[in-house]
Amino acid sequence: MSFLYKANPVRGAEWARHFAALAPDVPFHVWPDQPDPASVRHLATWVPPDDIAGTFPNLELVFSVGAGVDQFDFTKVPAHVPLVRMLEPHIAESMVEYVSLAVLALHRDLPRFLDQQRREVWKEIQITAAARRRVGVMGLGQLGQGVLERLKVFGFPLAGWNRSPRRIAGVDCYTGAEGLAAFLARTDILVCLLPLTPETRGILNASLFAALPAGAMLVNVGRGGHLVQDDLLAALDGGQIAAAMLDVAEPEPLPAGHPFWRHEKIILTPHIASMTHPETAVRFVLDTIARHRRGEPLPGLVDRARGY
Ligand code: NDP
């Protein structure tokens, strides 16, 4: 009965170290090293092998090594095998840091100051009070809620938009398609923390940008597929969007020569907003395996019909 890890091999070595310490009795393997495929009960992966069902006939659980599961073809994971996304606490902590950084960077006009520095321009820009900069978060899951909680300290008026209704103290919550226009109309800095699903693909598009106040700013930490890139470039050129901070792209890595690389109104990072921390990830998968054996509900269980 063994555990197979098929993702970044450097992080895999870290997982192996923590498995050895926390579950020394479980044989742990890092792809491409493989045990007898029939012995593999648990698989942690970013992109699963093509024929999971045929290759590992006795699988009991599949884990995504990240919080998102949009990289999975759900049809390839047998219906009776639960698919679980990573819910270890470091993912949320580092996302909260990154979005705080991004919101403050946009609020304090960092893209313009970086551009001025490159051009050797020493010029003030008036400060806008945080109380007059309205921040809105799309997606009020574990990450969106964590981010809003931390942003409270700066004094931004806060709002959130979500598929199902939410009540969060100090945050104006909007729901579904009927709540979207009102949410956007009051949002100066928009943060996308949605999962990528057929419903949310391309949601950051020209009509959404047009519904924001002129000169609004964008933080995309969801997935590259949420953003219609040409629409963002047009909105930046026309001034409807003043600046953007993007952690995700499609494809990744962003190709050489792509206009985002050198755009003076874009700050770009290479999908590093948060990363799974091996020790807490191993604790999470061991806890999930134990819950599964006891027949308990699984935190992070993916609803394949919903897509996240
Ligand atoms: P959760 O599943 O906890 O939350 C997702 C939220 O989005 C839920 O509240 C859900 O609503 C809402 N939602 C889903 N579909 C829609 C929709 N069509 N319209 C409105 N709201 C919707 O996910 P997390 O917070 O853990 O993660 C969110 C995403 O962040 C991940 O899927 C991933 O894409 C991205 N991510 C990016 C990382 C990075 O490094 N850049 C790292 C980690 C995650 P409901 O309450 O109804 O279910």
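Residue numbering note: each chain is counted from 1, following its sequence as written. With pLDDT at 70 or above as the cut-off, local features in this predicted model cover only qualifying residues; side-chain atom pairs require 80 or more to be listed or tallied, and sums for whole chains, interfaces and linings still use all residues. Side-chain calculation: all heavy atoms of the structure are included, whereas hydrogens and water are not.

Looking at an unreviewed UniProt entry, one finds the protein chain named Glyoxylate/hydroxypyruvate reductase A, with Phreatobacter cathodiphilus as its source organism.

Participant: Explain the sheet that holds strand 12 (residues 266-268) here, please?
Facilitator: Across a sheet, strands are paired by hydrogen bonds formed along the backbone, either parallel or antiparallel in direction. Spatially, 7 strands are ordered 8-7-6-9-10-11-12 in an open sheet, and the strand pairing comes out parallel. A strand with exactly one partner marks an edge of an open sheet, and here the two such strands are strand 8 (172-175) and strand 12. The average angle at which neighbouring strand axes cross in this sheet is 15°, direction not considered. Two residues qualify as a contact provided that any one of their heavy atoms is within 4.5 Å of a heavy atom in the partner residue. A fitted line through C-alpha atoms represents every axis, and for helices the fit uses only the stretch in contact; the resulting angles, taken between N-to-C directions, go from 0 to 180 degrees. Helix and strand definitions here come from DSSP, where helices need a minimum of 4 consecutive H or I residues and strands a minimum of 2 consecutive E residues; each element is numbered from the N-terminal end. Running at roughly 165° to strand 6 (residues 135-138), helix 5 (residues 142-151) makes contact with strand 6 and strand 7 (158-162) of the sheet. Strands qualify as paired when DSSP identifies two bridges or more between them.

Participant: How should I be thinking about the sheet that holds strand 3 (residues 40-45) in this particular structure?
Facilitator: Taking strand neighbours across the sheet as the criterion, the 5 strands line up as 2-1-3-4-5 in an open arrangement whose pairing is parallel. This sheet does not close on itself; its edge strands, each paired only once, are strand 2 (28-30) and strand 5 (83-84). Sheet topology note: the strand 3/strand 4 (residues 61-64) ladder contains 4 bridges and is parallel. Across the sheet, the residue bridging to alanine 44 is phenylalanine 63, located in strand 4. Against the sheet, helix 1 (residues 9-22) makes contact with strand 1 (2-6), strand 2 and strand 3, and its axis sits at roughly 170° relative to strand 2, the strand it touches most. Sitting on the sheet, helix 10 (residues 278-294) touches strand 1, strand 3, strand 4 and strand 5, and the angle it makes with strand 4 is about 150°.

Participant: Explain the pattern of salt bridges to me, please; I cannot follow it from the model alone.
Facilitator: Oppositely charged side chains can form a pair if their charged atoms are brought close together. Basic side-chain nitrogens of Lys or Arg form a salt bridge, by our definition, when they fall within 4 Å of a carboxyl oxygen of Asp or Glu. Across all of its chains, the model carries 12 salt bridges by this definition. Where arginine 17 meets glutamate 14, a salt bridge forms, and the shortest distance between an N and an O atom there is 3.2 Å. With a gap of 3 residues between them, arginine 17 and glutamate 14 both fall in helix 1, about one helical turn apart. Note on exposure labels: buried denotes an accessible area under 20% of the residue type's maximum, exposed denotes more than 50%, and partly exposed covers the range between, all computed with a 1.4 Å probe on protein chains only. Classification of arginine 17 as exposed rests on a relative accessible area of 52%. Close ionic contact of arginine 41 with glutamate 60 constitutes a salt bridge, the shortest N to O distance being 3.2 Å. One end of the pair, arginine 41, is in strand 3; the other, glutamate 60, is in the loop between helix 2 (52-55) and strand 4, with 19 residues separating them in the sequence. By relative accessible area, which is 27% here, glutamate 60 ends up partly exposed.

Participant: Please clarify how the side chain of threonine 276 should be interpreted in this entry.
Facilitator: Within the fold, threonine 276 resides in the loop between strand 12 and helix 10. Only 2.6 Å separates the side chain of threonine 276 from the backbone oxygen of valine 65, close enough to count as a polar contact. With residues near it in sequence (within four places) discarded, threonine 276 still touches Arg11, Val65, Gly66, Met86, Glu88, Ile91 and Ala281. Here a polar contact is taken to be a pair of N or O atoms separated by no more than 3.5 Å, where protein atoms must pair a possible hydrogen donor with a possible acceptor and residues adjacent in sequence count only if both atoms sit in side chains.

Participant: Is there a simple way to explain the packing of helix 1 against helix 10 in this structure?
Facilitator: Where helix 1 meets helix 10, the closest approach of the two axes is 9 Å, and the angle between their N-to-C directions is 55°. Classified by the angle between their axes, helix 1 and helix 10 sit oblique to one another. Of the two elements, helix 1 crosses helix 10, and the hand of that crossing is right-handed. Taking contact as the criterion, the partners of Glu14, Trp15, His18, Phe19 and Leu22 in helix 1 are, on helix 10, Pro278, Glu279, Ala281, Val282, Arg283, Val285 and Leu286. Ten residues, namely Ala, Val, Leu, Ile, Met, Phe, Trp, Tyr, Cys and Pro, are considered nonpolar, four, namely Asp, Glu, Lys and Arg, are considered charged, and the remaining ones, Gly among them, are considered polar. Partitioning the contact of helix 1 with helix 10 into residue classes produces 8 nonpolar, 1 polar and 3 charged. Here the angle decides the label: under 35 degrees means roughly parallel, over 145 means roughly antiparallel, 65 to 115 means roughly perpendicular, and every other value means oblique. Handedness of a crossing is defined here by the sense of rotation of the near helix relative to the far one, left-handed for an anticlockwise turn of less than a right angle and right-handed for a clockwise turn.

Participant: What exactly am I supposed to notice about the UniProt feature "domain: D-isomer specific 2-hydroxyacid dehydrogenase NAD-binding" (unreviewed entry) in the protein chain here?
Facilitator: According to UniProt, the positions carrying the feature "domain: D-isomer specific 2-hydroxyacid dehydrogenase NAD-binding" (unreviewed entry) are residues 102-273. Regarding residues 102-273, the helix share stands at 32% and the strand share at 18%, and the terminal C-alpha atoms are separated by 10 Å. UniProt positions are given in the numbering used here, feature names are shortened, and annotations may be inferred rather than shown by experiment.

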